[in-house]
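What follows is the residue order along each chain.
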Amino acid sequence: MRPSRRAPDELRAVSLERGVVKYAEGSCLVKFGDTHVLVTATLEERLPPWLKGQGRGWVTAEYGMLPRATLERTRREASSGKQSGRTVEIQRLIGRSLRATLDLEALGERQITVDCDVLQADGGTRTASITGAWVALADCIGWMKARNMIKTNVLRDHVAAISCGIYNGTPVLDLDYAEDSAAETDANFVMTGDGRIVEVQGTAEKTPFSQAEFLALMALAQKGVSKLVDLQKMAVA
C-alpha cells in the first residue's frame, strides 16, 4: 500500500491555474498534490550574445525553492552567492524540455524566460515545473499572437513530465516525498503530447532495476503524461 493510499497508476490531484500573475505575459500555478509551483513566462526583445543574428529565438528557465517550501527552512541560494548543482541541473532540464516543442525560428529574435518558483515541495517539483511551464509558455505565445508579433504556429506540441519509481517492489506513478525518499528506484520522464520522449532520468537508489522494470515505469509514465496533457489542453482551451 502506498502511503497516500493511491493506486499504483494514480496521479496525485493535479491543477493548472492560468493567469495568476498580473504583469507576466504568461503564468500558471501548478499543483501536484502538496507540491505547488508558481511559473511565469517573460518575453524579452533580446537574445544571448551567442544567438544574435541567427534568425531564431530562445527559451530558457530558472528554478528555485522558497525557504519554507520544505519542512525545515532552506537557505536562499542568493545568500550563498551561487546556485546549487541541483538547481542548475533542474533549470537546464526545464529549458530543454520546453525548447523541444518550439519552432525557435518562428519565435523570431526574442527570448522567453520561464521562472519556476517552488512554493511548497512534496516530491516531483521538476516534473510539476515542466508541466506548468508549458501552460505559462502557451499563454505567453498567445499574448504575442494577440499583438501580431508572430504569424505562424510556434508551439508544435505539448510537453509534460511525471515521476515514476519502484516502491516496496511495485512500480508506481507520481511519487510524493514519502515514496521518493524510500523508493528503490526513481525516474523522471519528459514526453511530448504525441508520446515521444524528450528526456529520461532514472536512478537505482538501492538495487539495480531490470529492463522489464524500466519498461513498466515507462508504461506508467506514458499513461501519466497522457493525463497531464489532457489537463493542459483543458487549461488553455
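Summarised in this report is the structure supplied together with it.

Criteria and thresholds
- Residues numbered from 1 in each chain as written.
- Predicted model: local features only at pLDDT ≥ 70, side-chain atom pairs only at ≥ 80, totals over all residues.
- Heavy atoms only, no water.
- 1 Å grid on protein atoms, 1.4 Å probe; cavity = no way out; pocket = protein on both sides within 12 Å on 5 of 7 lines; lining within 4 Å.
- Points joined across faces, edges and corners; volume = space filled by probe spheres on them.
- Helix = DSSP H or I, 4+ residues; strand = E, 2+ residues; numbered from the N terminus.
- Nonpolar A, V, L, I, M, F, W, Y, C, P; charged D, E, K, R; others polar.

1. A short note on the layout of surface pockets
Here is step 1 of the chain: One number sums up the size of the largest pocket: a volume of about 580 Å³.
Here is step 2 of the chain: Lining of the largest pocket is provided by 23 residues; of these, Arg 86, Gly 123, Gly 124, Tyr 177 and Asp 180 occupy positions nearest its centre.
Here is step 3 of the chain: For the lining of the largest pocket, the secondary structure elements donating two or more residues are β4 (58–65), α4 (125–146), β6 (159–167), α5 (177–180) and β8 (185–192).
Here is step 4 of the chain: Per-element accounting of the lining of the largest pocket gives the leading share, three residues, to β8.
Here is step 5 of the chain: When its residues are assigned to classes, the lining of the largest pocket shows nine nonpolar, eight polar and six charged.
Here is step 6 of the chain: Roughly 400 Å³ of volume is contained in the second largest pocket.
Here is step 7 of the chain: Tyr 63, Gly 64, Met 65, Glu 77 and Thr 87 are the residues nearest the centre of the second largest pocket, which is lined by 18 residues in total.
Here is step 8 of the chain: Of all the secondary-structure elements, those providing two or more residues to the lining of the second largest pocket are β4, α1 (77–80), α2 (85–99) and β5 (111–120).
Here is step 9 of the chain: Among the elements that take part in the lining of the second largest pocket, β4 stands out by supplying four residues, more than any other.
Here is step 10 of the chain: When its residues are assigned to classes, the lining of the second largest pocket shows five nonpolar, five polar and eight charged.

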